[in-house]
Amino acid sequence: MKMTVTDKLTLLADSAKYDVSCSSSGSENNYKTGELGCTHNSGICHSFTSDGRCISLLKVLLSNICIYDCAYCINRVSNDTPRTAFSPRELAELTINFYKRNYIEGLFLSSGIIKNEDHTMSLLLQTLRILRHEYRFNGYIHVKLIPGSSKELIHEATLLANRVSSNIELPSAKSLALLAPDKSKEKLLSPLKHARDISLERHNKPISMSTQMIVGASSESDFDILKLSSSLYQKALLKRVYYSAYIAVNHHKHLPVPELCKPPLLREHRLYQADWLLRFYGFSYDEILNENENLDMQFDPKTFWALRHLDFFPIDINTAPKEVMIRIPGLGIRSILKILQARRFKTLSFEDLTQLKISLKKARYFIVAGSDYYRASHLYEERLKLALIHQGGDIIQPTLFDTSIYTGEL
Amino acid sequence: MMVLYDGSFEGFLTLVYEVYYAKLHVSAIVKKMPERLVFERVYEILSDETKATKVLHALQKHFTKERQRTIFNIFLCDTKTHEHSLLEYIRIGFKNPKLLGNITNPHLFYIQTLEKELLSLVHKMYGFTRFEELEDGTLYAKIETKFNILPFLGEHFSKRLGKIPFIIHDMTRSLAFVKDESSTQIHSIASFDAPIYSQNEAHIKELWQRFFKATAIQSRHNPKLQKNLVPLLYRTYMSEFQA
Ligand code: SF4
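All values derive from a computational prediction rather than experimental measurement. (Residues numbered from 1 in each chain as written. Chains lettered and ligands numbered in written order. Predicted model: local features only at pLDDT ≥ 70, side-chain atom pairs only at ≥ 80, totals over all residues. Heavy atoms only, no water.)

**So, the site of the ligand**
Note the threshold: Residues are labelled near a given molecule or strand when at least one of their non-hydrogen atoms is within 4 Å of it. Residue classes follow a fixed rule: Ala, Val, Leu, Ile, Met, Phe, Trp, Tyr, Cys and Pro count as nonpolar, while Asp, Glu, Lys and Arg count as charged, and any other residue, Gly among them, counts as polar.
The environment of the ligand is formed by Cys66, Tyr68, Cys70, Cys73, Arg76, Gly112 and Lys183 of chain A. Considering only residue class, the shell around the ligand consists of four nonpolar, one polar and two charged.

**Brief notes about unusual backbone geometry**
Rules: Every helix listed is a DSSP run of H or I at least four residues long, and every strand listed is a run of E at least two residues long, numbered separately from the N terminus. Think of it in three bands: with a 1.4 Å probe and only protein chains considered, a residue is buried below 20% of the maximum accessible area for its type, exposed above 50%, and partly exposed in between.
Pro314 of chain A follows Phe313 of chain A through a cis peptide bond whose omega is -5°. Looking at the secondary structure, you find Pro314 of chain A in the loop between helix H10 (301-308) and strand E9 (315-316). Phi at Lys23 of chain B is positive, roughly 50°, even though this residue is not glycine. Within the secondary structure, Lys23 of chain B is located in the loop between helix H1 (9-21) and strand E2 (28-30). On the accessibility criterion, Lys23 of chain B (66% relative accessible area) is exposed. A positive phi angle, near 50°, is found at Ser174 of chain B, a position not held by glycine.

**Thoughts on the nonpolar core**
Generally speaking, nonpolar side chains in soluble globular proteins are found buried as a group. To be explicit about the condition: What makes a nonpolar core is a set of buried Ala, Val, Leu, Ile, Met, Phe, Trp, Tyr and Cys residues whose side-chain atoms join them at distances within 4.5 Å. Should any heavy atoms of two residues lie within 4.5 Å, those residues are counted as being in contact.
Counting 186 residues, the largest nonpolar core has Val60, Phe98, Ile328 and Leu353 of chain A as the members making the most contacts within it. Apart from residues no more than four positions distant in its own chain, Val60 of chain A is found in contact with Leu9, Leu12, Ala13, Ala16, Phe86, Leu91, Leu107, Phe108, Leu109 and Ser110 of chain A together with Phe211 of chain B.

**Some remarks on the packing of aromatic side chains**
Selection criterion: In this analysis, rings of Phe, Tyr and Trp, with Trp reduced to its six-membered ring, are considered paired at centre separations within 6.5 Å, and the interplanar angle assigns stacked below 30 degrees, edge-to-face beyond 60, and tilted for intermediate values.
Taken as a whole and assessed by the stated rule, the structure comprises 30 aromatic pairs over all chains. Ring centres of Trp305 of chain A and Phe312 of chain A lie 5.2 Å apart, and the angle between their planes is 75°; on these two criteria the pair is classed as edge-to-face. For the pair Phe12 of chain B and Phe75 of chain B, a centre-to-centre distance of 5.5 Å together with 50° between the ring planes defines the contact as tilted. In this pair, Phe12 of chain B is assigned in helix H1 and Phe75 of chain B in helix H3 (residues 65-76), connecting sequence segments 63 residues apart.

**Quick notes on the pairing of strand E7 (residues 208-215) of chain A**
Residues and elements named next belong to chain A. Selection rule: Being paired, for any two strands, means DSSP has found at least two bridges between them.
For E7, a buried count of eight out of eight residues is recorded, marking the element as mostly surrounded by other parts of the structure. Alternating positions in E7 separate into two faces, Ser208, Ser210, Gln212 and Ile214 on one and Met209, Thr211, Met213 and Val215 on the other, with burial throughout. As paired strands, strand E6 (residues 163-165) and E7 are joined by three bridges and run parallel to one another. The partner of Val164 across the bridge, within E7, is Met209. Judged from the six bridges that link them, E7 and strand E8 (residues 240-245) form a sheet pairing that is parallel. Along E8, the bridge assignment pairs Gln212 with Tyr242.

**Some words on the pairing of strand E3 (residues 57-61) of chain A**
Residues and elements named next belong to chain A. Where we set the bar: Clockwise travel from the first strand over the helix to the second, with the strands pointing away from the viewer, marks a crossover as right-handed.
With five of its five residues buried, E3 lies for the most part within the structure. In this sheet, strand E4 (residues 106-110) lies alongside E3 in parallel orientation, the contact comprising five bridges. Note that in E4 the partner of Lys59 across the bridge is Phe108. Tracing the backbone out of E3, into helix H2 (residues 88-100) and back to the parallel element E4 gives a crossover that is right-handed.

**Remarks on the packing of helix H1 (residues 5-16) of chain A against helix H7 (residues 201-214) of chain B**
Axes are the key here: two packed helices are described by the angle between their axes and the distance separating the axes. The cut-off we apply is this: Note on geometry: axes are lines fitted to C-alpha atoms, helical ones only across the stretch in contact, with angles between N-to-C directions running from 0 to 180 degrees. Just so you know how the angles are binned, under 35 degrees is roughly parallel, over 145 roughly antiparallel, 65 to 115 roughly perpendicular, and the rest oblique. Whether a crossing is left-handed or right-handed is set by the direction in which the near helix is turned from the far one by less than a right angle, anticlockwise for left-handed and clockwise for right-handed.
H7 of chain B packs onto H1 of chain A with a crossing angle of 25° between their chain directions and a minimal axis gap of 8 Å. With respect to their mutual orientation, H1 of chain A and H7 of chain B come out roughly parallel. Crossing hand, H1 of chain A versus H7 of chain B: right-handed. Here Val5, Thr6, Leu9, Thr10, Ala13 and Asp14 of chain A of H1 of chain A lie close against H7 of chain B, whose contacting residues are His203, Glu206, Leu207, Arg210, Phe211 and Ala214 of chain B. Grouping the constituent residues of the contact of H1 of chain A with H7 of chain B by class yields six nonpolar, three polar and three charged.

Here is the structure:
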């Protein structure tokens, strides 16, 4: 049966949706007169799905045909599901039509492995070529580097795309061997290393790269995961690591049973919070967790850290430097900036902070403001814990997501 | 005393002029005579181009580019009563620009917060604006927004859409940003005909709706979160929410 573009889109968007790295932020504005499209450096969400994730890019697979057999994947060769593929031209036209109407910021293209790696990568590149050269499309393109494809093809991808990525998939080599026998850590990371090197030859800034890890399909601790992320950030290899709560779609002897397995959304949320601390708040992974530990479900990682380091507090918000203030639970970067701005003019009290619409719900236990401090509880861990817990639901409800987690904004 | 002006930017600048030269003591600024009885004297400002221009030049001399922008931006927040705070902002700026950062002053904090609110609305609408293709290839978008953000959207989409002519129609204010080969302008729109769409339009819209549905993950279903992120009032012209 021949499928229409509508059918293909339905199927291939469905198979691509588990990949969470959709942010289009962090690229330079690149406006060129008269060309179609331009990227925006803070990332734009064009809609939000019914699960509350940002839609920024047309995220599809070129094809869901795949010769690999990764245990966790809905498209693995051993699954009996309908298969199809876009032609590069169909995809390019779809992108342009969506882009013109402002449905999307651009394209996020990935694919299952059709025939072999090089063949697949060539088809992806063919789509990019049509977009960039024929339509002179200047909007955002994120393309997956197919691990194992040749260096020339990866080279071309870095020329045509705004961002490239390759998913590490699982946090350790052992789990990979168990669940994705066709892949290895070296194989998954080598296209990224290669892309970095060739883009560095051309500019002094490497092309933007990201990766994704599935959380909850294998047995690594959050400590292992954060350690891995932080090593990837430190090598300046990646701009973002995305975490994806494992959603069980297959039965497999090394995987949780689908019927019993709910995606670990809260854990995923905590990992994003911790990742934020790594990237922007100057924390190191071994400050956040000890070896083999998992992130606390009750408290966010910053609060959890504070509870273990009460000797660090209270902090005087009228004098403390920014990097110290950033460690106060309940105060985000926006609040800190307001405080830094306002305290140049007067010594701030609790009252002043409230006037500035800064929530003290959590922070009040950890700060001094002029002659104000919170007298009702002292800095004893147990009492503080109780006080924080009694603040109710929002501490543990994963629905109150910070939206920036998905858009990559501050 | 209470001051009445016509709500235009020119009117407001005239007001600033009067404050300085007629030494008005302002207790409130209104755009319409209040319907309830007022015992205060009401001073009416008549927009005056010469006076307004004088003030404009003074602003350009004494305020940095960025702060001039702030003043214009605040004026785009046309559904808020910001005049009194804006007047204070200007007064303080003339006196000592260094003090403008002092957000422990409630007026200055209000201005800073309002401008952030405007810019965050602008950012949202960069994403939520939806174009439809007309018969002649022009792209046409309708919007209804709390503040007047057409100048922002116009500039943003001029960069994006290359040579394609487009219209953004602010239904609330009956204004339209129109860009074609020869000109770029904001018009006021008295009446308009029902647009005729291109042949492809319905099909593309259907594809978009399909994509929108297919890309959601059922086991993470969370409509409450979705509603926080795209409140209902933004959804009027977003076709993915109509299906
Ligand atoms: S390579 Fe593995 S994860 Fe990717 S589509 Fe094929 S089976 Fe799925």
